[in-house]
Structures are given as structure tokens and as C-alpha cells.
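# A look at the structure
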Amino acid sequence: MQENKTVKFNNVIRAVVEQVELVVLVFAIIIFVFSFVVRTCRVSGDSMNDTLINNENVIVSDIAYTPQRGDIIVFHQTGPDEYDYNEPIVKRVIGVAGDTVKIEHLRDTMIVTVTDKDGNKTVLDEDYIRYDYPSYRDSTTYVEEGTVFVLGDSRSHSGDSRLSSIGLVDTRRILGKVVLRVTPFSRFGAVD
């Protein structure tokens, strides 16, 4: 009889240890995934309205990532001392290395033309942007090797590559591409 109780007790202990091992393994996998595969980031500010809204949480992936025109990225930037970029910045890639980005401000719209290194010109069709009024001067920028040119989707309310304090973004500072909106749950889904 005592032997049965000992066997049952050992079986219970073994089951508890197995459950603890499973929980530890799951947490290790979660830590690994969020350390090396994807990251979470909170959107700060209104520069990406209506694509991304202030305080939304997104998932960012950097696995074998090479920036492409149209991608929404998260990056860290350092600027002059009077600027504080402690939080990650979320913007859309407009130009990649070798591109020339020409921006023309009209009264009620902005025209962005990208000329690639082969001389092919593309006027961007940006149905996702918000544009309230001209907020910057017309400009033409050559995108140097190892950098990207970024703009916010709310063009009249965005600090981006048009400002010298941000300028071209070094690709080594890119944390990854935004792939999924997590919260609020009412807007959960892929991000374009």
C-alpha cells in the first residue's frame, strides 16, 4: 500500500516537473522570438495618420530585411543636441540608395517623383497620404549608398527626411519593417 502511494506521489512530482519544463521552454521561445525575430513598437505621434495612429502597437520584423520603397519602417535616429529622438521613429520608405527624390508642394497636394539609378522616373501614387497644406519647400534629394529617404504619411505634420535633424536614415539604424498592427484590437491586422 505504501509503495502505491510512493508511486503516485512520484508520478505527480514528475507531471509537475514536466509542466514547469514546458512553461520554461515556452517562455524561452517567446524571449528568443521577441529578441531576435520580431519586436514590438508603439507608434508615437500623428505623422503616420491614417495608416498608423498615435499609441498603436505594431510588430516589426528584421529577418533578412532589405528596405524597399513603400515599406513602413521603424528606426532610431540621432540628431543635433536640441532634438530628442529617444523613441523609435516610424516612417515610410520613399527612396533607396541610388534614387533621387523630387518633392513638389502644390496648394492641395504633394507630388513625389522618384528617379532610380537607371534613370527611370516614377511619380508615386500615394492614396494613403494626408496633406493639409504646404509645410516644406520643394526639394530634390539624392539618396546615398547605405541610406533611405523616409516620409510620414501625414505629410503636413511629419518630421522626416525633409528635415536636416533627421535627414537620410542610415540603414544600420533600421530596426525592421512594420508587418502587423496588434492594438487596438479593432484595427488588428497587416500594415501596408
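Look up: the structure comes first, before these words.
Just so you know, these numbers come straight off a predicted model, no measurement behind them.

## Examining the overall build of the chain
A tally of regular secondary structure across the chain gives one helix and twelve strands. For the chain, the succession of helices and strands along the chain, N to C, is α-β-β-β-β-β-β-β-β-β-β-β-β. Expected size for 192 residues packed as a compact globule is a radius of gyration near 16 Å; at 23 Å, the chain overshoots this value by more than 25%. Once the C-alpha set of the chain is aligned to its principal axes, its extents read approximately 90 × 35 × 35 Å. Relative to its 192 residues, the chain shows a buried fraction of 36%. Of the contacts made within the chain by residues no fewer than 6 positions apart, 60% connect residues no fewer than 24 positions apart.

## Brief notes about the packing of aromatic side chains
In total, this model carries zero aromatic pairs according to the counting rule given. Above the face of the Tyr128 ring, Arg92 is positioned so that its terminal group lies 3.7 Å from the ring centre.

## Section: the nonpolar core
In this structure, Cys41, Val43, Met48, Leu52, Val58, Val60, Ile72, Val74, Val90, Leu175, Val178 and Val191 together form the largest nonpolar core, which totals twelve residues. Residue assignment for this core shows that the elements contributing at least two residues are strand 2 (57–61), strand 3 (72–75) and strand 11 (174–183). Grouped together as the second largest cluster of nonpolar side chains are eleven residues, Val112, Val114, Ile129 and Leu151 included.

## Concerning a nonpolar patch on the surface
Taken together, Leu22, Val23, Leu25, Val26, Phe27, Ile29, Ile30 and Ile31 make up a surface patch of nonpolar side chains, about 730 Å² in accessible area. Of note, Leu25 is situated in helix 1 (residues 2–37).

## Quick notes on the pairing of strand 9 (residues 147–151)
If a strand is regular, its side chains alternate between the two faces of the sheet. Summarising burial for strand 9: five of the five residues are buried, a large majority. Where burial is concerned, the two faces of strand 9 agree: the one with Thr147, Phe149 and Leu151 and the one with Val148 and Val150 are both buried. Sheet topology places strand 4 (residues 89–95) next to strand 9; three bridges connect them, and they run antiparallel. What sits directly across from Arg92, in strand 9, is Leu151. Pairing of strand 9 with strand 10 (residues 169–170), which is carried by two bridges, proceeds in the antiparallel orientation. Bridge assignment links Thr147 to a residue of strand 10, and that residue is Asp170.

What counts and how
- Residues numbered from 1 in each chain as written.
- Predicted model: local features only at pLDDT ≥ 70, side-chain atom pairs only at ≥ 80, totals over all residues.
- Heavy atoms only, no water.
- Helix = DSSP H or I, 4+ residues; strand = E, 2+ residues; numbered from the N terminus.
- Rg over C-alpha atoms; globule rule 2.2 N^0.38 Å.
- Buried < 20%, exposed > 50% of the residue type's maximum accessible area, 1.4 Å probe, protein only.
- Contact = heavy atoms within 4.5 Å.
- Phe/Tyr/Trp six-rings, centres within 6.5 Å; stacked < 30°, edge-to-face > 60°.
- Lys NZ or Arg CZ within 6 Å of the ring centre and 35° of its normal.
- Core = buried A, V, L, I, M, F, W, Y, C linked by side-chain atoms within 4.5 Å.
- Patch = residues over 30% accessible without salt bridge, like charges linked within 9 Å, V, L, I, M, F, W, Y side chains within 5 Å.
- Areas by Shrake-Rupley, 256 points an atom, 1.4 Å probe, with all protein chains shown as cover.
- Salt bridge = Lys/Arg side-chain N within 4 Å of Asp/Glu carboxyl O.
- Pairing = 2+ DSSP bridges.

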